[in-house]
Amino acid sequence: GAGVSQSPSNKVTEKGKDVELRCDPISGHTALYWYRQSLGQGLEFLIYFQGNSAPDKSGLPSDRFSAERTGGSVSTLTIQRTQQEDSAVYLCASSLDSGRSYNEQFFGPGTRLTVL
Amino acid sequence: SQKIEQNSEALNIQEGKTATLTCNYTNYSPAYLQWYRQDPGRGPVFLLLIRENEKEKRKERLKVTFDTTLKQSLFHITASQPADSATYLCALRRTGRRALTFGSGTRLQVQP
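As a starting point, this report considers the structure included with it. (Residues numbered from 1 in each chain as written. Chains lettered and ligands numbered in written order. Predicted model: local features only at pLDDT ≥ 70, side-chain atom pairs only at ≥ 80, totals over all residues. Heavy atoms only, no water.)

### Some points on the packing of aromatic side chains
Within the structure shown, the criterion is met by 13 aromatic pairs over all chains. One aromatic cluster is present, formed by A:Tyr33, A:Tyr35, A:Phe45, A:Tyr48, A:Phe107, B:Tyr36, B:Phe46 and B:Phe102 through successive ring pairs. (Phe/Tyr/Trp six-rings, centres within 6.5 Å; stacked < 30°, edge-to-face > 60°.)

### Remarks on the pattern of salt bridges
Charged atoms that come close allow side chains of opposite charge to pair. Residues and elements named next belong to chain A. Under the criterion given, the structure shown has 7 salt bridges over all chains. Linking Glu-44 and Arg-36 is a salt bridge whose minimum nitrogen-to-oxygen distance equals 2.8 Å. Residue Arg-36 is classed as buried on the basis of its relative accessible area of 12%. One salt bridge connects Asp-86 with Arg-64, and the closest N-O pair in it is separated by 2.8 Å. Taken together, the residues Asp-86 in the loop between β7 (75–79) and β8 (88–95) and Arg-64 in the loop between β5 (43–50) and β6 (65–69) connect sequence positions 22 residues apart. (Salt bridge = Lys/Arg side-chain N within 4 Å of Asp/Glu carboxyl O. Buried < 20%, exposed > 50% of the residue type's maximum accessible area, 1.4 Å probe, protein only. Helix = DSSP H or I, 4+ residues; strand = E, 2+ residues; numbered from the N terminus.)

### A few points about the sheet that holds strand β7 (residues 62–67) of chain B
Residue and element names in this part refer to chain B. As summarised here, the arrangement of the 5 strands in space is β1-β3-β8-β7-β6, forming an open sheet in which the pairing is antiparallel. If you trace the sheet from one side to the other, it starts and ends with β1 (3–6) and β6 (56–59), each paired once. Mean inter-strand twist for the sheet, computed between neighbouring axes without regard to direction, equals 15°. Sheet topology note: the strand β3 (residues 19–26)/strand β8 (residues 72–77) ladder contains 6 bridges and is antiparallel. Opposite Cys-23, over in β8, you have Ser-73 as the bridge partner. (Pairing = 2+ DSSP bridges. Axes fitted to C-alpha atoms, helices over the stretch in contact; angles between N-to-C directions.)

### Topic: the interface of chain A and chain B
The interface is formed by 22 residues belonging to chain A together with 21 residues belonging to chain B. Across the chain A-chain B interface, the total number found is 0 salt bridges. Where chain A packs against chain B, one counts 2 residue pairs in polar contact (both at pLDDT 80 or more). Going through the elements one at a time, β4 (31–37) and β5 of chain A are the ones with two or more residues in the side of chain A that touches chain B. (Contact = heavy atoms within 4.5 Å. Polar contact = N/O pair within 3.5 Å; in protein donor to acceptor, adjacent residues only side chain to side chain.)

### Let's talk about the sheet that holds β7(A)
All names here are of chain A. As summarised here, the arrangement of the 4 strands in space is β1-β3-β7-β6, forming an open sheet in which the pairing is antiparallel. Whereas interior strands pair on both sides, the edge strands pair on one side only; in this sheet they are β1 (5–7) and β6. Pairwise comparison of adjacent strand axes, ignoring direction, gives a mean angle of 15° for this sheet. Bridge count for β6 against β7 is 5 bridges, and the pairing is antiparallel.

### Here we look at the nonpolar core
One broad trend across soluble globular proteins is that nonpolar side chains are buried collectively. With 23 residues, the main nonpolar core has B:Leu33, B:Trp35, B:Phe75 and B:Tyr88 as its most contacted residues. Of all elements in the fold, only β3, β4 (32–38), β5 (45–51), β7, β8, β9 (86–93) and β11 (106–111) of chain B reach the threshold of two or more residues within this core. Of all hydrophobic cores here, the second largest spans 20 residues; its members include A:Leu46, A:Phe49, A:Phe65 and A:Leu77. (Core = buried A, V, L, I, M, F, W, Y, C linked by side-chain atoms within 4.5 Å.)

### Examining the side chain of B:Thr65
Residue and element names in this part refer to chain B. Tracing the backbone through its elements, the reader meets Thr-65 in strand β7. Note on Thr-65: relative accessible area 18%, which makes it buried. Sequence-distant contacts of Thr-65, that is, excluding residues within four places in its chain, are made with Ile-50, Lys-55, Glu-56, Gln-72, Ser-73, Leu-74 and His-76.

Any link to function would need more than the numbers given here.
Shown next, in the form of structure tokens:
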């Protein structure tokens, strides 16, 4: 089937505005991850969802960031009162994670967020 | 603190040669290590996984080694091709967490 999809592919917003980024994982994948990647940098873990368990939010940089995963499928990452340092590519990944923690992650193409 | 280090300088090699990329880590006791490839404007793509009890793993022209004593993994591409030009990332599972921590990646440029 289709891979991980993300929307929008690009988002330009003004400082102080809220943004919502969407991720559609691969059907049947129980685990979903959000990362962000600043220019020339590695991936920074943000949040992880696994089935019905409480999400691992340990990577969220501030309380302006939040994420939801509805019905165990689609996820939205919300950034409130955006700041210029939030500008980055936001990547979503999903995996089978059927109790074995080493399953490969499948990444979407990312959303490039630019905060002016 | 836990760190994953990859050479931030780009690696330039001639087509046909073997490319070797390094991933060093500190304060991890990983059960496994993963390597991903990332092309510009795209998300990373999984290449190989190696477990702590495996010294070496191969897949076609790719070879990964894992030395838990040295806390190092080496990633080799033999008979490199210009199409292998990309950024290569290593990743470890964070202690006590299920999410991966990625190195910053090494950019490989294979010259024809």
